[in-house]
Amino acid sequence: MFILIRKSVFGSQEEYQDLDFDVNELVIGNTENANLVLDEIADGSITLKPKGEDKAKFTCSNGLEVLTQTKLTATGTLQKGFTYQLGVYDIEVIDVPAGFDFALNISRSKRKSLLTKKKFKIEEKKGKISIRLLSYLLFLSILVVYLLIPYLSFTQSGIKEKTKNLPLVTDKSWLSGPMAMAHRIPEIGDDCQVCHVKPFEKVQDKQCLSCHQNLGEHVNSMHPAVKEIDKFLCENCHKEHNEPAQITRTDDALCVNCHQNIQKYETQNSLKKNPVQVVTGFDSDNHPPFRLSLIQPKLINGAYEWRKNRPKFDLKVKPIEESNLKFSHKVHLDKELVQDELSGQSLVCSNCHQLKDDKEHFKPITMDKDCRSCHKLSFDVFNPDIELPHGNLRAAFVMLEAHFIREFTDPELRKKRSRKKIRRIPGQHSNNATCEGSSLNCGREEALKEAQFQFTQSGCITCHEVTTNKTNELMDKWFVKPIKINQDWYSKAQFDHVSHFSVRNKDNEEVCLTCHEIENSDDAKDIAIPQRNKCVECHQKGIENSVELTCTRCHAFHFEQQEK
Amino acid sequence: MFENLLKYKKYRYLSLSLILIVSAAVIYLTQGIEQPANGGTWQGYTLGIFSAFLVLLLTYLGIRKRSYSSRMGTVEGWTSAHVFLGTSLLLIATLHAAFQVGWNIHTLAYVLMIAVILSGFYGLFTYLHYPQVMSKNNNGGSQESWLQELAQIDDEIKNRSGSCRAEIRLLVLSAIENTKISGGLFSQLTRSDNSKIKIQSESDKYTSNKNQERVISYLARALPNSLNHAEASAIDGILSKFSRRQRLLKIIKRNLQIKAYLKVWLLFHVPLTIALLAALTVHILVVFIYW
């Protein structure tokens, strides 16, 4: 193959010399095998392999590169009509003169600035990292890792099962906040679908109720007087994944949103009969007076029943406690009359009223626990240590008869009894020391006398309401009305006694009497449960240094089952 | 230009951003009554919707600045808004998240947004700071003029080397041909010099010619050993040209380094923005998937 090289004379664009080669491959450069040596190429060479008259493939060695129209490259094709740059030289494929198969023109390059930029590989080179490619990769990675895989494992149980042991991002990464402590249980674990059953749907009540099965309702949603309560979801008030964890709303709006317009949720009939009061907050203007929860005795078919009643507040009607107990707080708090057995000081509230663990209610008052230490049920002055049983009328009668019959039957006991000289104690019945009749008659006679005294003068009748029947039969003559002391004065509210004891410069006793004004009460019918006006002294809204109360501080939404 | 960008239309977008920040703070502070402040309250949703809108608006700058025929505001205005609204987004999105973070997609979106904004701050700094540094470095010249002078010097060196013996001639040609100014982004940022030289009298392998020190050192040693006066004169001339070449290369490399500084933040800013768009999409979707 005959190849013509037309090389410009150094420093001149017009003068040139023609060089011809009879080779299949032409090597140009500064290597030992070069057909044509170019001085200004320090190292390396370019090997040209003509492909027809118009183009030739080239390969460079020793790091030499050809500058094409767009890039520097060590391999490629020279094409006719374009100028290629090799070092300081321009190379062009030119028209082939007669007698040659291929022709090239080599001259000093005219593209100095371009040459310089490309030659030194500078300017626009941004490195091998493509911003666009990197962007696409990041975009897709995030979509796949954080959306596609968790979503597929959410919707396709098979995928979830297969991938559960793989180190993949799960739907746990969708968690918008930590779960409340109460929900961190093995039954839930990391399985979001225990609650989130259907995508794009809020958590339904049935998911909550699958665990919270015995939850008391706010009101009976099936009651005909109640409207729309079943429209409210658990989710309306209970918000999961809060930080800090607070699963239940405690703001006033939780209650007030409905109760400020409560008529909307009641039927007309219920409005007339027993309307629920409108509430917009807690203060003397926006909260209705408190309704006491009373228990009232009812005699039905000869049997006592205690019924709950929440009478509407009425300034004109003073509520009374109907416990059937006779009791004077005034007497018991008078130091001159009653002292504590151990300290000798006057009694304090906590001597009898002991708080339960719920901090709201008190342990029931009982004879044995709270009264008997002072009020012994002894009935025979000759045997003061023997006491009547309490709370069982028939047993008391039996005991009275049995005791006195025995006293007058046994000759030894009769002797002892007759020898004893008992000083008469004021307010106490003086039992007979001797009796001339039969032991049965004497015993029964003495028992009747003692019972008469206990139920009509002093003893049982001191604390109990007693009715007398027109009969001489001991067992049927008197009836002691049962006692039931109210344990929950505000059944629709809750109260923390302990937190209220912390009052500066006041001991617990003073604090009790600040709210429960009972020290001058002479009658157990008196109710000393504070009303709204007492609470707002400290909790009135909008007053400086007042502790404002939200609804949920005193009221719970879910009532106990029996309170429905 | 970039100072004007901040002062655009008498701080129009600075004012707008301040109004947005104050409004967002007021909205945020109304939370905490029904439940703790978080992205799921109506206030949280409001701040979230606004943050998402801002992200899209800020991202649109990338499209707007390429839309030369667009009449939707000036690029300068868009860029000014980009800077100030982007800064306000930092606070508005933080209030939307209510300062809550965790190992989840929501925080990933937030962290990406922070990274994008911080890289933007760096970009703003480079645009405000480095043009002056480059101007000082060029001292009245330009990168183009330095490159042309470099090419001219290379030609002169080659011309003068014609009077030298082959050993010297090949040496200087090797030094010129194997001068590496740029390289990858990292090389540009660190101004690393991978220039090499082959000294055939010593070895067939290439050795480092960092800062042209090796060739200058060789020529300095060769000068007293010149074959004749013509060669000594030529080597002396070549030596002074390499000295100038060394200075030019430093200026050019510093220019390239500054240009790299001006561009490198985009390597983070743009991909992280696109990643943020993906994370934001997932964030919004999963909130409603697990409503």
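Residues numbered from 1 in each chain as written. Chains lettered and ligands numbered in written order. Predicted model: local features only at pLDDT ≥ 70, side-chain atom pairs only at ≥ 80, totals over all residues.

**Section: the overall build of chain B**
Of regular secondary structure, chain B possesses 9 helices and 2 strands. Counted from the first residue to the last, chain B has its helices and strands arranged as α-α-α-α-α-α-α-β-β-α-α. The buried share of chain B, reckoned over its 291 residues, is 41%. A separation threshold of at least 6 residues defines the contact pool for chain B, and within that pool the share at least 24 residues apart is 69%. (Helix = DSSP H or I, 4+ residues; strand = E, 2+ residues; numbered from the N terminus. Buried ≥ 20, exposed ≤ 12 C-beta atoms within 10 Å, placed from the backbone. Contact = placed C-beta atoms within 7 Å.)

**Topic: the overall build of chain A**
Helix and strand counts for chain A stand at 19 helices and 16 strands. Within chain A, the proportion of its 564 residues that are buried is 18%. Here the analysis covers contacts within chain A between residues at least 6 apart in sequence; of these, 46% occur between residues at least 24 apart.

**Here's the deal with the interface of chain B and chain A**
The interface of chain B with chain A comprises 50 residues on the first partner and 45 residues on the second. If you tally residues by element for the side of chain B that touches chain A, the top one is helix α9 (residues 229–289) of chain B, at 17 residues.

**Here we look at the environment of A:Ser176**
With respect to the helices, strands and loops of the structure, A:Ser176 is situated in the loop between α3 (157–163) and α4 (205–209). The spatial distance from the C-alpha of A:Ser176 to the C-alpha of A:His241 is 6.2 Å, given a sequence separation of 65 residues. Dropping the residues within four chain positions of it, A:Ser176 is found in contact with A:His241, B:Gly39, B:Gly40, B:His106 and B:Val287.

**Regarding unusual backbone geometry**
Here the phi dihedral of A:Asn324 falls at roughly 70°; this positive angle occurs in a residue that is not glycine. Phi at B:Ala98 takes a positive value of approximately 55°, unusual for a residue other than glycine. Within the element layout of this structure, B:Ala98 appears in the loop between α3 (75–97) and α4 (105–138).

**A word on the nonpolar core**
If you look at the biggest cluster of nonpolar residues, it comprises 49 residues, and the most contacted ones within it are B:Leu89, B:Ala109, B:Leu112, B:Met113, B:Ala275, B:Leu276 and B:Ala279. Among the secondary structure elements, those contributing two or more residues to this core are α2 (131–155) of chain A together with α1 (2–29), α2 (42–64), α3, α4 and α9 of chain B. The greatest single-element share of this core, amounting to 11 residues, is contributed by α9(B). Grouped together as the second largest cluster of nonpolar side chains are 22 residues, A:Ile28, A:Phe58, A:Val66 and A:Tyr89 included. (Core = buried A, V, L, I, M, F, W, Y, C linked by C-beta atoms within 7 Å.)

**Looking at the confidence of the model for chain A**
All names here are of chain A. Per-chain confidence: chain A averages 84 in pLDDT, with 89% of residues scoring 70 or above. Taken element by element, the predicted model of chain A shows its lowest mean pLDDT in helix α1 (residues 112–119) (49) and its highest in helix α8 (residues 329–332) (94). Contacts from residues 123–127, a stretch scored under 50 in pLDDT, to residues over four places away or in other chains number 6 contacts. (pLDDT = per-residue confidence, 0-100.)

**Here's the deal with the sheet that holds strand β6 (residues 55–60) of chain A**
All names here are of chain A. Spatially, 5 strands are ordered β4-β3-β5-β6-β9 in an open sheet, and the strand pairing comes out mixed. A single partner strand is all that each edge strand has here, and the edge strands are β4 (36–37) and β9 (75–79). Pairing of strand β5 (residues 45–51) with β6 involves 6 bridges; the strand directions are antiparallel. In the strand pairing of β6, Lys51 is matched with Lys55. (Pairing = 2+ DSSP bridges.)

**Details of the sheet that holds strand β11 (residues 89–93) of chain A**
Residues and elements named next belong to chain A. One open sheet accounts for 7 strands, arranged β2-β1-β12-β11-β10-β7-β8; its pairing is mixed. Each of the sheet's edge strands pairs with one partner strand only, and the pair in question is β2 (16–22) and β8 (72–73). Examined bridge by bridge, strand β7 (residues 66–67) and strand β10 (residues 83–86) share 2 bridges and lie antiparallel to one another. In the sheet register, Val66 faces β10, and the bridge partner there is Leu86.

**Notes on the packing of α2(B) against α3(B)**
Between two packed helices, the angle of one axis relative to the other and the distance separating the axes together describe the packing. Residues and elements named next belong to chain B. Between α2 and α3, whose axes approach to 9 Å, the crossing angle comes to 150°. By the angle between their directions, the pair α2 and α3 is classed as roughly antiparallel. Our pair here, α2 against α3, has a crossing hand that is left-handed. In contact with Gly44, Leu47, Gly48, Phe50, Ser51, Leu54, Val55, Leu57, Leu58, Leu61 and Arg64 of α2, α3 contributes Val75, Trp78, Thr79, His82, Leu85, Gly86, Leu89, Ile92, Ala93, Leu95 and His96. When the residues that make up the contact of α2 with α3 are grouped by side-chain class, the tally is 14 nonpolar, 7 polar and 1 charged. (Axes fitted to C-alpha atoms, helices over the stretch in contact; angles between N-to-C directions. Parallel < 35°, antiparallel > 145°, perpendicular 65-115°, else oblique. Left-handed = near helix turned anticlockwise from the far one by under 90°. Nonpolar A, V, L, I, M, F, W, Y, C, P; charged D, E, K, R; others polar.)

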